[in-house]
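Coordinate analysis (summary)
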Amino acid sequence: MSDSGILTGEYFINGDEACAEGAIAAGCRFFAGYPITPATEIAERMARRLPQVQGICIQMEDEIASMAAILGASWGGTKSMTATSGPGFSLMMENIGLGMMTETPCVIVNIMRGGPSTGLPTLVGQADVMQARWGSHGDYEVIALSPSSPQEMFNLTIEAFNLSEIYRLPVLILGDELVGHMSEKVIIPPSDQIHQVSRVRPSQSPDGYLPFMAGDNLVPPMACAGEGYHVHVTGLTHDEQGYPQTTAQVHERLVRRLADKIRHNTSKIIQVEEFETANSEVMVVAYGCTSRTAREAVQILRSEGKKVGLLRLITLWPFPEERIRQVAQGIKAFIVPEINYGQIAYEVERCSQGRAETVLLPLMGGAIHTPENIMEAVKEYLP
Amino acid sequence: MNSTQKTEIRLAGFGGQGIILAGNILGKAASLYEQLQAVFTQSYGPEARGGACSADVIISGGAIYYPRVSLPQILVLMSEEAKSTYGRQMSDQAMVLIDEDLVQMDTVPEGCLLFKIPATRLAEKLGRKIVANIVMLGFITSVTKVVSYEAMKQALFDSIPSGTEELNLKAFEKGYEYGKQIKKQESESRSQNPE
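The rules behind each value
Residues numbered from 1 in each chain as written. Chains lettered and ligands numbered in written order. Predicted model: local features only at pLDDT ≥ 70, side-chain atom pairs only at ≥ 80, totals over all residues. Helix = DSSP H or I, 4+ residues; strand = E, 2+ residues; numbered from the N terminus. Rg over C-alpha atoms; globule rule 2.2 N^0.38 Å. Buried ≥ 20, exposed ≤ 12 C-beta atoms within 10 Å, placed from the backbone. Contact = placed C-beta atoms within 7 Å. Pairing = 2+ DSSP bridges. Axes fitted to C-alpha atoms, helices over the stretch in contact; angles between N-to-C directions. pLDDT = per-residue confidence, 0-100. Nonpolar A, V, L, I, M, F, W, Y, C, P; charged D, E, K, R; others polar. Left-handed = near helix turned anticlockwise from the far one by under 90°. Domains from an automatic or database assignment. Expected span 1.5 Å × (residues − 1).

1. Some remarks on the overall build of chain B
For chain B, the count of helices and strands is 6 helices and 6 strands. The linear arrangement of helices and strands in chain B, starting from the amino end, is β-α-β-β-β-α-β-β-α-α-α-α. Computed over its C-alpha atoms, the radius of gyration of chain B comes to 16 Å, within 12% of the 16 Å expected for a compact globule of 195 residues. In terms of its C-alpha atoms, chain B occupies a principal-axis envelope of roughly 50 × 40 × 35 Å. The burial tally for chain B puts 49% of its 195 residues in the buried class. Taking contacts inside chain B between residues at least 6 apart in sequence as the whole, the part at least 24 apart equals 61%.

2. Description of the overall build of chain A
Each helix and strand counted, chain A has 13 helices and 15 strands in total. Overall, the C-alpha framework of chain A stretches about 70 × 50 × 40 Å when taken along its three principal axes. The proportion of buried residues among the 383 residues of chain A is 54%. The long-range fraction of contacts in chain A, counting pairs at least 24 apart against all pairs at least 6 apart in sequence, stands at 76%.

3. A look at the sheet that holds strand S10 (residues 272–275) of chain A
Residues and elements named next belong to chain A. Taken together, the 5 strands give an open sheet; going across it, the order is S10-S12-S11-S14-S15, and neighbouring strands pair in mixed fashion. Unpaired on one side and paired on the other, S10 and strand S15 (357–362) mark the two borders of the sheet. Neighbour-to-neighbour, the strand axes of this sheet turn through a mean angle of 20°, independent of strand direction. Alignment of S10 against strand S12 (residues 308–313), held across 4 bridges, turns out to be antiparallel.

4. Points about the confidence of the model for chain B
Predicted coordinates in areas of low pLDDT are best not read in detail. For chain B, the mean per-residue pLDDT works out to 93, and 94% of the residues sit at or above 70. For this predicted complex, the interface confidence comes out at an ipTM of 0.93, alongside a pTM of 0.96.

5. Overview of the interface of chain A and chain B
Taken together, the 16 residues of chain A in the interface contact 17 residues of chain B. Elements with a minimum of two residues in the side of chain A that touches chain B: strand S1 (9–14), strand S6 (120–124), helix H7 (177–181), strand S9 (183–188) and helix H10 (289–303) of chain A. The element contributing the most residues to the side of chain A that touches chain B is H10(A), with 4 residues. Of the residues belonging to the side of chain A that touches chain B, the class tally is 6 nonpolar, 4 polar and 6 charged.

6. Some remarks on the packing of helix H4 (residues 132–144) of chain B against helix H6 (residues 165–192) of chain B
All names here are of chain B. Orientation of H4 relative to H6, taken along the N-to-C sense of each, is 40°, at an axis distance of 6 Å. The handedness of the crossing between H4 and H6 comes out as right-handed. Taken together, the residues of H6 that come into contact with H4 (itself represented by Ile 134, Val 135, Met 136, Leu 137, Gly 138, Phe 139, Thr 141, Ser 142 and Val 143) are Asn 168, Ala 171, Phe 172, Glu 173, Lys 174, Gly 175, Tyr 176, Tyr 178, Gly 179, Lys 180, Ile 182 and Lys 183. Counted by class, the contact of H4 with H6 contains 11 nonpolar, 6 polar and 4 charged residues.

7. A few points about the domain arrangement of chain A
Residue and element names in this part refer to chain A. Once the domains are mapped, chain A shows domain 1 (9–193) and domain 2 (274–379). Measuring from the centre of the C-alpha atoms in domain 1 to the corresponding centre in domain 2 gives 26 Å. In this assembly, 22 residues from domain 1 lie in contact with 21 residues from domain 2. Counting residues per element, the ones that place at least two in the side of domain 1 that touches domain 2 are S6, helix H5 (129–134), strand S7 (143–145), strand S8 (170–176) and H7. Sorting elements by how many residues they give to the side of domain 1 that touches domain 2 places H5 first, with 4 residues. In the side of domain 1 that touches domain 2, the residues fall into 14 nonpolar, 5 polar and 3 charged.

8. Quick look at H6(B)
All names here are of chain B. For H6, spanning 28 residues, the distance from its first C-alpha to its last is 40 Å, which sits close to the expected 40 Å at 1.5 Å a residue. Looking at H6, one finds that the buried residues are Asn 168, Ala 171, Phe 172, Lys 174, Gly 175, Tyr 176, Tyr 178 and Gly 179. On its buried face, H6 sits against strand S6 (113–117), helix H3 (119–125), H4 and helix H5 (149–159).

9. What about the pairing of strand S4 (residues 74–77) of chain B?
Residue and element names in this part refer to chain B. Both faces of S4 are covered, namely the face carrying Ile 74 and Val 76 and the face carrying Leu 75 and Leu 77. Across 4 bridges, strand S1 (residues 6–14) lies against S4 in parallel orientation. Within S4, the position partnered with Ala 12 by the bridge is Leu 77. With 4 bridges joining them, S4 and strand S5 (residues 95–99) adopt parallel strand pairing.

10. Focus on the environment of A:Ile56
Residue and element names in this part refer to chain A. By secondary structure assignment, the location of Ile 56 is in strand S3 (residues 56–59). Ile 56 sits 295 residues away from Cys 351 along the chain, and the two C-alpha atoms are 43 Å apart. Ignoring anything within four residues of it in the chain, the contact list for Ile 56 reads Arg 29, Phe 30 and Leu 50.

Structure representation (structure tokens):
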């Protein structure tokens, strides 16, 4: 192991384990969580690994406290993470909102299983996509990433940390049970090839420092506890000094900035992988484990000469509106397989603005689509 | 193995038999020690022990997208419940490997082959029933040749707690030799009774 604690090498590990290694490679040194299938392997791996790199792993009494703990750790100057699944994600919502309002960098991993409620503990789901977007009350913009393999669990966990540090907000990883529990080869690169970003610190002296005063990029430099700066952190609407100012005027300024720091940067944040999209008449839009099945289906259909492509959403939020809008102009239909009763499909429908039809292929959870499910739907438009 | 050829393997038994670990070792052998691609997925219930569970491995020379096993070419059964849950799904020319003391099965569909081993009994003779899964891995290696002896051995050593190497290696060799004998008898009987 190198000094950085990064386990450079090739491994056959599952998505959860790869996520934990990605966190460590990103510089995460604090994990707080409560065990829950199918995310427990992340907590287990962090419990083993963090002490080796002088980090702290703590099992909290529940997910509410876990979320509170990682916010606190982040204000203490440490990159922090928690991991959970549906029921725990629901419990975290209140403090995720606190993280959004206080602009606290951290990473929350949700390995989705079948819901609602305790639902299907050991089986796959993708039904928390809208909860990730709108789960905590009030207006805010989120960043949510959707890995489709253990390697991507590693890569996107690093990406999630970097985005959280750049834009100062909790970033979500929406994995699913299949990807979390699936093992494949994962290549962990040497530490000098891993791109780590850390939050911008204030450059001025503590005198007259305004902790929530942002420059043109709308992201305020962040002073952490113990660095000599006076910082007041509250979930109430606050002014640039961090003090509560519950007026419409201050609220307008603050909430608009919280949203705009993401909205103005969507082109830098959003990643979509395109496969066979040129000259396609039908486009499959898929993410997470479902995108693997979609890729197989599209490959088979292409070998039969069907003009079909795949947009694999790596970033779910902010939603790739622009790209969907462009693609909609030249095709007959979007086919959207997802393991829920319609979530991303409605976003696709909204962005296509009636130019192309949107067909939802829902599954309620516990099973994944087969390539045949998707191929049949495509053939309705490309007989 | 070329880039489109896929081998689907399903190991099934009850929770606690080490089915998941066996699947993981098999996937690791292919992925890290054979220059092949492998995907390992699992299916299990909320019980800590008991209940039917399965470990699915797909091995290919090229990228694997759809990660589920649909009709395994190699089906390994280690409990009656696993047989009733998974025992009928297999490809046309599947190899079916069973623990003959735990699974009652005398025939397989035409075109398929049945291979029996008393894996748990052999493990008990080695002193620890817990290594029945490793006996079965040895058996899988020699009967199906889906990965090499060396690759499987390396993956095995990567995956077990230190201090247990000797017992696990014995278990692995036991199953491997048992499989070799069976294959030998099979080829002898074939040469004596040409069809």
